[in-house]
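Take a look at the letters that make up each chain.
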Amino acid sequence: MFNRLCIIGVGLIGGSIARAARSRGLAASIVGYGREQERQNLETAKRLGVIDEYFLDIVPALEGTDAVVVAVPVGAVESVFALLKPYWSNACVYSDVGSTKSNVIAAAERVFGVVPVNLVPAHPIAGAENSGVEAALPDLFLRRRLIITPLEHTEPAALNKIQIFWERIGSLVSVMSAEHHDAVLAATSHLPHLLAFALVDMLGRQDEQCEIFKYAAGGFRDFTRIASSDPTMWRDICTANKDQLIPLLHQLKTELDKIEQLLADNDGRRLFETFSYAKNARQRFLDQLEN
Ligand SMILES: NC(=O)c1ccc[n+]([C@@H]2O[C@H](COP(=O)([O-])OP(=O)(O)OC[C@H]3O[C@@H](n4cnc5c(N)ncnc54)[C@H](O)[C@@H]3O)[C@@H](O)[C@H]2O)c1
Ligand SMILES: O=C(O)C(=O)C[C@]1(C(=O)O)C=C[C@@H](O)C=C1
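Keep in mind that what you see is a predicted model, and the values were worked out from it rather than measured.

In this section: the pairing of strand 9 (residues 172–175). In regular strands, side chains alternate between the two faces of the sheet. Of the pairings in the sheet, the one linking strand 8 (residues 145–148) to strand 9 comprises four bridges and is parallel in character. When the bridges of strand 9 are listed, Ile-147 appears paired with Ser-174.

Pasting the structure below:
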């Protein structure tokens, strides 16, 4: 499908895209770009066969490239756009995988003035708490959702190419506005991560005195898995999407206050109702996941 795919940021997601593209024959060659500080990770990516070659200089990285995927933390996307700008090519299609979309679009506007017609913002809704190319998997995106958030002026041919690329990888592609994407993902991805980090931050400090982790088991492990995620990535996501996150935090505080009051009032009936509603709502989510 592509002659040469260039991945900028060959970590968990960039590496998984490379592996997925290779296993499905979607690119004749796959190269990675990174800075000097990424050399060791890129060396590992090459040794593992995730990429064919890597470059610490953007010019040779882009030579003969007809598809570029930017897979760096969302706070670093603007500097990557600035790096790409002098070599921007109409013969190439560009995309990203950032977990927030409005800020990626705003970064492109700051760098280019107008978002280039062949830059197609996208986000695979699949991942893990692990980072780096060693964690990359060829089937990470299989039967997982992928959201594209085009602009009105995005070139249909470029949008189509990115959509087909992800469909061939096995993703279920949806198209929506960046604003809608950011509102939805704030609720189902960003807020849960923030909560997990907050809980473990609070309990970790208590554990230093009381060894509470020693007696923690499955419930704690399940709830807090995502607190093992990369702090840089999540700092960038939470700050980029704070306008959506802050109102949700207010709602959550209200919910916690309600539960506190139910406990203080010994109101077992309403506590049961709250837990039952949540259990049923989660079942709805699980059913959707299966279908
Ligand atoms: N981890 C997930 O579950 C997940 C899921 C979907 C989307 N995303 C998004 O994908 C992107 C990458 O996340 P990841 O989990 O693969 O992270 P990662 O840390 O595994 O990989 C990111 C890579 O980018 C490199 N990098 C950082 N700044 C760079 C720069 N300026 N130039 C070149 N390389 C640079 C890092 O060294 C690292 O190798 C993020 O924007 C994230 O929001 C993550
Ligand atoms: O499963 C995980 O560990 C994830 O964090 C994946 C997850 C999420 O579901 O929230 C995290 C961020 C991404 O932007 C998309 C997916």
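Past the structure itself, the notes keep going.
To continue, consider the sheet that holds strand 3 (residues 53–55). Spatially, 3-2-1-4-5-6 is the arrangement adopted by the six strands of the open sheet, whose pairing is parallel. The sheet is open, and its two edges are formed by strand 3 and strand 6 (119–120), each paired on a single side. This element, helix 6 (residues 156–169), spans strand 1 (2–8), strand 5 (93–96) and strand 6 of the sheet and lies at about 55° to strand 5.

Before going further, it helps to examine the packing of helix 7 (residues 178–210) against helix 9 (residues 231–240). Contact geometry for helix 7 and helix 9: axes closest at 11 Å, N-to-C directions at 125°. Here helix 9 runs oblique to helix 7, going by the angle between their axes. By crossing handedness, the relation of helix 7 to helix 9 is classed as left-handed. Along its contact with helix 7, which presents Ser-189, His-190, His-193, Leu-194 and Phe-197, the element helix 9 presents Trp-234, Ile-237 and Cys-238. When the residues that make up the contact of helix 7 with helix 9 are grouped by side-chain class, the tally is five nonpolar, three polar and no charged.

Below, the discussion takes up the site of ligand 2. By nearness alone, every residue bordering ligand 2 is listed as Ser-99, His-123, Pro-124, Ala-126, Gly-127, Ala-128, Glu-129, Ser-189, His-193, Arg-225, Ile-226 and Trp-234. His-123 places a polar side-chain atom, nitrogen or oxygen, 2.6 Å from an oxygen atom of ligand 2. Ser-189 has a polar side-chain atom sitting 2.6 Å from an oxygen atom of ligand 2. Expressed as a share of its isolated accessible area of 370 Å², the protein-covered part of ligand 2 is 83%. Mapped onto the shell around ligand 2, the elements with two or more residues apiece are strand 7 (122–124) and helix 7. Looking at the shell around ligand 2 residue by residue, the classes come out as five nonpolar, five polar and two charged. Taken together, domain 1 (2–176) and domain 2 (181–290) each give at least three residues to the shell around ligand 2, which thus spans both.

On to the packing of aromatic side chains, then. Two aromatic rings are characterised by how far apart their centres lie and by the angle between their planes. With the rule as written, the count across this model stands at seven aromatic pairs. Their ring planes at 90° and their centres at 5.0 Å tell us that Phe-141 and Trp-166 sit as a pair that is edge-to-face. Taken as a pair, Phe-141 in the loop between strand 7 and strand 8 and Trp-166 in helix 6 lie far apart in primary sequence, 25 residues in all. Taking the centre distance of 5.2 Å and the plane angle of 40° together, the rings of Phe-213 and Phe-220 count as tilted. The exposure class of Phe-220 is partly exposed, given its relative accessible area of 24%. Aromatic rings pair up to connect Phe-2, Phe-141, Phe-165 and Trp-166 into one cluster.

Put simply, the second largest pocket is a space of about 280 Å³. Taken together, Leu-194, Leu-195, Ala-198, Leu-199, Met-202, Phe-223, Leu-249, Leu-252, Lys-253 and Leu-256 make up the lining of the second largest pocket. When its residues are assigned to classes, the lining of the second largest pocket shows nine nonpolar, no polar and one charged.

Parts of the prediction with low pLDDT should not have their coordinates interpreted in detail. For the chain, per-residue confidence averages 97 on the pLDDT scale, and 100% of positions sit at 70 or higher. Under the prediction, the complex receives an ipTM of 0.98, its pTM being 0.96.

All right, on to helix 1 (residues 12–23) then. With 12 residues, helix 1 extends 16 Å from end C-alpha to end C-alpha; this agrees with the ideal 16 Å at 1.5 Å per step. Taking burial as the measure, the 12 residues of helix 1 include nine buried ones, the bulk of the element. Within helix 1 the residues assigned to the buried category are Leu-12, Ile-13, Gly-14, Gly-15, Ser-16, Ile-17, Ala-18, Ala-20 and Ala-21. Buried residues along helix 1 sit against strand 1, strand 2 (27–33), strand 4 (67–70), strand 7 and helix 6. Positive phi appears at Gly-25, one or two residues downstream of helix 1, with a value of about 65°.

Here the focus is the packing of helix 4 (residues 77–84) against helix 5 (residues 102–112). Two numbers describe how helix 4 lies on helix 5: the axes approach to 9 Å, and their chain directions differ by 35°. Like other packed secondary-structure pairs, helix 4 and helix 5 cross with a definite hand, here right-handed. Seen from helix 4, the contacting residues are Val-77, Glu-78, Phe-81 and Ala-82; seen from helix 5, they are Val-104, Ala-107, Ala-108, Arg-110, Val-111 and Phe-112. Grouping the amino acids of the contact of helix 4 with helix 5 by side-chain chemistry returns eight nonpolar, no polar and two charged.

The rules behind these values
- Residues numbered from 1 in each chain as written.
- Chains lettered and ligands numbered in written order.
- Predicted model: local features only at pLDDT ≥ 70, side-chain atom pairs only at ≥ 80, totals over all residues.
- Heavy atoms only, no water.
- Pairing = 2+ DSSP bridges.
- Helix = DSSP H or I, 4+ residues; strand = E, 2+ residues; numbered from the N terminus.
- Contact = heavy atoms within 4.5 Å.
- Axes fitted to C-alpha atoms, helices over the stretch in contact; angles between N-to-C directions.
- Parallel < 35°, antiparallel > 145°, perpendicular 65-115°, else oblique.
- Left-handed = near helix turned anticlockwise from the far one by under 90°.
- Nonpolar A, V, L, I, M, F, W, Y, C, P; charged D, E, K, R; others polar.
- Near = heavy atom within 4 Å.
- Polar contact = N/O pair within 3.5 Å; in protein donor to acceptor, adjacent residues only side chain to side chain.
- Areas by Shrake-Rupley, 256 points an atom, 1.4 Å probe, with all protein chains shown as cover.
- Domains from an automatic or database assignment.
- Phe/Tyr/Trp six-rings, centres within 6.5 Å; stacked < 30°, edge-to-face > 60°.
- Buried < 20%, exposed > 50% of the residue type's maximum accessible area, 1.4 Å probe, protein only.
- 1 Å grid on protein atoms, 1.4 Å probe; cavity = no way out; pocket = protein on both sides within 12 Å on 5 of 7 lines; lining within 4 Å.
- Points joined across faces, edges and corners; volume = space filled by probe spheres on them.
- pLDDT = per-residue confidence, 0-100.
- Expected span 1.5 Å × (residues − 1).

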